[in-house]
Amino acid sequence: MGDGVSASFVTAFPNVFYSLAFWQDQSGDGQGLSGTSTQLTRGGSRASVPQICGSLVTVGTGWRERGAMLSYLEFEKPIAELEGKVQELKTLAQEDPSVSISDEVAKLETKAAQLLKDTYSRLDPWQKTQVARHPNRPHFVDYVKSLIQDFTPLAGDRLFAEDAAIIGGLGRFRGRSVVIMGHEKGSDMETRMRHNFGMARPEGYRKGIRLLDMAERFDMPVITLVDTAGAYPGIGSEERGVAEAIARSMDRCLGLSVPMISVVIGEGMSGGAIAIAAGNRVLMLEHSIYAVISPEGCSSILWRSSDKAKEAATAMKVTAQSLEELGIIDRILPEPVGGAHRERAQMIRETGDAIEEELRGLDGLDADALRRQRREKFMAMGKHGLS
């Protein structure tokens with residue numbers, strides 16, 4: 001990946017390899033990096049059945065024609081089976097319209113919907129971690145495309161280079177001129193490599209500082225969207241001072257004289273996340289996660305193995321619900337049943353509504369009040385949980 005990494009990279013940043021393992025070749029041959037999509041053939045047409053692909057299950061109705069398949073996490077296997085049966089019956093009905101199976105389809109759809117609702121109402125921290133990393137969740141570019149008008153991206157840190165892991169620029173959000181930036185993981189192999197799976201190097205954070213300076217100069221509020229496994233741990237990244245860049249980015253956020261809203265839209269891991277998340281208001285999507293290290297990284301340190309990642313996720317309290325109780329975040333944004341990846345447009349719209357509401361709540365505060373509110377918020381972290 002360019003800079004070279006240490007031997008612990010796989011355990012510390014598993015979602016990078018998660019993305020590699022579950023990327024599906026879109027060329028139409030049905031072959032992914034970790035398995036194939038199984039097809040049932042009837043009368044010259046096909047209906048897909050659920051097929052395990054690493055920790056994902058894929059199901060569809062002939063993805064060469066439709067161009068995409070639903071992806072399921074491992075704990076969603078029963079849901080995948082039911083929805084696969086629904087797709088199979090619908091395909092049979094299309095082949096032979098004289099066969100009436102609408103009642104059976106309706107029953108299965110009702111059962112699948114209830115199972116989905118029940119499953120997502122009792123997710124444990126490790127399952128939420130998997131949902132937060134789902135490759136089909138809306139990414140930064142999706143939010144910008146839907147929420148920001150006249151977006152003008154700005155590149156480079158004016159010191160070393162451009163870093164595509166963090167995208168940022170100017171635009172209009174529901175009538176306001178804003179500066180918006182965030183991590184971008186990419187949605188297929190090409191874009192994931194280009195954006196380095198959302199893991200920024202020092203120049204990415206220094207570009208962020210440049211954008212924050214611009215926001216203050218032109219009195220524009222700042223919106224940040226967090227979705228990263230952490231800063232990139234390569235040799236070149238360390239040589240160019242990634243820790244210093246992260247610290248300066250945090251400091252710049254805390255000293256900002258304009259309103260700043262931060263939203264964790266997927267995973268927010270390590271200093272690479274908080275570097276652009278030290279805002280006046282910190283929001284999290286319902287099934288996102290936020291912590292100082294990934295569960296796998298924590299497990300590899302404490303137990304010398306990543307096998308205890310599930311236990312680590314529980315002990316670390318990485319979920320939005322735990323962090324709200326501890327006073328780390330300010331608000332949880334509910335996700336559609338089944339996660340943000342099932343209703344992407346709805347999730348993006350509701351996130352925009354929440355950001356607009358939070359910005360209105362900060363209207364009227366002067367620079368000193370904004371800095372004071374931000375400082376008091378972060379200085380108070382931990383007191384609630386320790387008292």
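Residues numbered from 1 in each chain as written. Predicted model: local features only at pLDDT ≥ 70, side-chain atom pairs only at ≥ 80, totals over all residues. Heavy atoms only, no water.

Below, the discussion takes up the pattern of salt bridges. Two side chains that carry opposite charge are able to pair once their charged atoms sit near each other. Counted according to the given criterion, the structure contains 26 salt bridges. For the salt bridge of Glu74 with Lys77, the shortest nitrogen-to-oxygen distance reads 3.9 Å. The partner of Arg360 in a salt bridge is Glu356, and the shortest N-O contact between them spans 3.7 Å. One end of the pair is Arg360 and the other is Glu356, both in helix α16 (residues 344-362) and 4 residues apart, which spans about a single turn. On the accessibility criterion, Glu356 (25% relative accessible area) is partly exposed. Residues joined in a network through salt bridges with shared partners are Arg281, Asp330, Arg331, Glu357, Glu358 and Lys377. (Salt bridge = Lys/Arg side-chain N within 4 Å of Asp/Glu carboxyl O. Helix = DSSP H or I, 4+ residues; strand = E, 2+ residues; numbered from the N terminus. Buried < 20%, exposed > 50% of the residue type's maximum accessible area, 1.4 Å probe, protein only.)

Right, let's talk about the packing of aromatic side chains for a bit. Within the structure shown, the criterion is met by 1 aromatic pair. Between Phe75 and Tyr120 the ring centres are 6.0 Å apart and the planes differ by 55°, which places this aromatic pair in the tilted class. Of this pair, Phe75 sits in the loop between β5 (70-73) and α4 (77-95) while Tyr120 sits in helix α5 (residues 102-120), and the two are 45 residues apart along the sequence. Accessibility classification places Phe75 together with Tyr120 in one group, the buried group. Over the ring of Tyr232 we find Arg201, and its NZ or CZ is 4.5 Å from the ring centre. In this structure, Lys377 packs its charged tip against the face of Phe378, placed 5.6 Å from the ring centre. (Phe/Tyr/Trp six-rings, centres within 6.5 Å; stacked < 30°, edge-to-face > 60°. Lys NZ or Arg CZ within 6 Å of the ring centre and 35° of its normal.)

This part takes up the packing of helix α7 (residues 140-147) against α16. In the contact formed by α7 and α16, the axes pass within 10 Å of each other and the chain directions differ by 70°. When the axis of α7 is compared with that of α16, the two are roughly perpendicular. The crossing of α7 and α16 is right-handed. Facing α7, whose interface residues are Asp142, Tyr143, Ser146 and Leu147, α16 presents Arg344, Met347, Ile348, Thr351 and Gly352. (Axes fitted to C-alpha atoms, helices over the stretch in contact; angles between N-to-C directions. Parallel < 35°, antiparallel > 145°, perpendicular 65-115°, else oblique. Left-handed = near helix turned anticlockwise from the far one by under 90°. Contact = heavy atoms within 4.5 Å.)

It is worth spelling out the nonpolar core at this point. A general tendency of soluble globular proteins is for nonpolar side chains to be buried together. Among the nonpolar cores identified, the biggest contains 35 residues, and Tyr205, Val222, Met284, Tyr290 and Ile329 are the most heavily contacted of them. Elements that contribute at least two residues to this core include exactly β8 (176-183), α9 (202-217), β9 (222-228), α11 (242-254), β10 (260-269), β11 (281-285) and α15 (320-325). Here Tyr290 is in contact with Val264, Gly268, Met269, Ala273, Ile274, Ala277, Val282, Met284, Val318, Leu323, Ile328 and Ile329, once residues within four sequence places are set aside. Judged by nonpolar contacts, the second largest core, of 25 residues, contains Val178, Ile223, Ile265 and Met347. (Core = buried A, V, L, I, M, F, W, Y, C linked by side-chain atoms within 4.5 Å.)

In terms of residue burial, β8 counts as a mostly covered element, since 6 of its 8 residues are buried. Relative to β8, strand β7 (residues 166-173) runs antiparallel, the two being bridged by 8 bridges. Following the sheet pairing, Leu170 is matched in β8 by Val179. Counting the residues in the hairpin turn of β7 and β8 gives 2 residues, including Arg174, whose phi is positive at 50°. (Pairing = 2+ DSSP bridges.)

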